[in-house]
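Below, each chain spelled out in residue letters.
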Amino acid sequence: MKRAFEVRAATRADIPTIIDFQLSMARETEGLDLDVDKVTAGVEGPFADPSLARYYVASSSSSSAVAGSPSDCGGLTSPTNDDHVVAGMLMVTFEWDEEHDGLFYWIQSVYTRPAYRGVGVFKQLYAFVASEVGNNADALGIKLYAHHDNERAVRTYERLGLRVYEGAQMWKWMKGRY
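*Asks:* With reference to specific residues and values, describe unusual backbone geometry.
*Replies:* Phi is positive for Asp101, close to 55°, though the residue is something other than glycine. Along the chain, Asp101 turns up in the loop between strand 3 (84-97) and strand 4 (102-112). Residue Asp101 is classed as exposed on the basis of its relative accessible area, which comes to 56%. Of note, Ser109 is a non-glycine position whose phi angle comes to about 50°, a positive value.

This is the structure in structure tokens:
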């Protein structure tokens, strides 16, 4: 059953939940236990300097929780207030494209609380970001990437009209790591 969620820009009050989501995402998708202090600093960065990124959250009234009580959030931090549970989030960073003289919004760090998966959380977060792109004269579109074995995410992205860009692979180098 699809549900309506309130999608909004995250606030500092959402930082503990975003940190928990980041830690959970790393465990679930890559089997990693990240350094909490590093993740905390990383999440706080865009709140101090919004040019780095923006976080968006989708929340649901606790009275209409999908499964369990509002405090039953898959082991994650309780909601930031008594009335709403943050069901999911994503982060947007920006890439300037000189060939087309505009910005791409990169969707990253997508996470949905396990109890809220499959009920339209990402779809509504995506629609919110797509609306922002549509309202920004400098914006060209949206990019995102998924782990190749994340079939559920790939199917979701395809249903939303996103297409694989066959002409590219993602490459990465991290100072002191590779």
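The rest of the description comes next.
*Asks:* Kindly report on the pairing of strand 5 (residues 139-144), identifying the contributing residues and their values.
*Replies:* For a regular strand, side chains alternate in direction, first toward one face of the sheet and then toward the other. The pairing of strand 4 with strand 5 spans five bridges and is parallel. Within strand 5, the position partnered with Phe104 by the bridge is Gly141. For the handedness criterion, the β-α-β arrangement of strand 4, helix 3 (residues 121-135) and strand 5 is classed as right-handed.

*Asks:* Lay out the side chain of Thr93 with the relevant residues and their values.
*Replies:* For Thr93, the location among the structural elements is in strand 3. With residues up to four places along the chain from it excluded, the contact list for Thr93 reads Leu52, Ala53, Phe104, Tyr105, Trp106 and Gln108.

*Asks:* Describe in detail the nonpolar core, supporting the description with residues and values.
*Replies:* Counting residues in each nonpolar core, the largest one holds 24 residues, and the members touching the most others are Leu90, Ile107, Val121 and Val129. Mapped by element, the contributors of at least two residues to this core are strand 2 (54-61), strand 3, strand 4, helix 3, strand 5 and helix 4 (151-159). Here the element with the most residues in this core is helix 3; it accounts for six residues. Setting aside residues up to four positions removed in sequence, Ile107 forms contacts with Leu90, Met91, Val92, Phe122, Tyr126, Val129, Ile142, Lys143, Leu144 and Tyr145. In this structure, Val39, Val86, Met91 and Tyr111 belong to the second largest nonpolar core, which totals 17 residues.

*Asks:* Residue-level account of helix 3, with values.
*Replies:* The terminal C-alpha atoms of helix 3 lie 22 Å apart, and with 15 residues this matches the ideal 21 Å at 1.5 Å per residue to within 8%. Within helix 3, burial applies to Val121, Phe122, Leu125, Tyr126, Val129 and Val133. Each buried residue of helix 3 lies within a common arc of 120° when the element is viewed along its axis, so the set occupies one face. Of the residues in helix 3, the exposed ones pointing more than 90 degrees away from the buried face are Lys123, Gly134 and Asn135. In the core, the buried residues of helix 3 are packed alongside strand 1 (6-9), strand 2, strand 3, strand 4, strand 5 and helix 4.

*Asks:* Mind laying out the confidence of the model for the protein chain, listing which residues take part and the relevant values?
*Replies:* Mean pLDDT over the protein chain stands at 86; residues scoring 70 or higher make up 86%. Taken element by element, the predicted model of the protein chain shows its lowest mean pLDDT in helix 4 (87) and its highest in helix 2 (residues 36-48) (98). Within the model, pLDDT remains below 50 along residues 66-82, and this stretch shows 29 contacts once partners closer than five positions in the same chain are excluded.

*Asks:* Help me get a handle on the pattern of salt bridges, residues and values and all.
*Replies:* According to the stated counting rule, one finds four salt bridges in the structure shown. Where Arg117 meets Glu28, a salt bridge forms, and the shortest distance between an N and an O atom there is 2.8 Å. You can see Arg117 sitting in the loop between strand 4 and helix 3 and its partner Glu28 sitting in helix 1 (residues 15-30), a full 89 residues away along the chain. You can call Arg117 partly exposed: its relative accessible area is 30%.

Each value, and the rule that gives it
- Residues numbered from 1 in each chain as written.
- Predicted model: local features only at pLDDT ≥ 70, side-chain atom pairs only at ≥ 80, totals over all residues.
- Heavy atoms only, no water.
- Helix = DSSP H or I, 4+ residues; strand = E, 2+ residues; numbered from the N terminus.
- Buried < 20%, exposed > 50% of the residue type's maximum accessible area, 1.4 Å probe, protein only.
- Pairing = 2+ DSSP bridges.
- Right-handed = clockwise from strand over helix to strand, strands pointing away.
- Contact = heavy atoms within 4.5 Å.
- Core = buried A, V, L, I, M, F, W, Y, C linked by side-chain atoms within 4.5 Å.
- Expected span 1.5 Å × (residues − 1).
- Arc of directions from axis to C-beta.
- pLDDT = per-residue confidence, 0-100.
- Salt bridge = Lys/Arg side-chain N within 4 Å of Asp/Glu carboxyl O.

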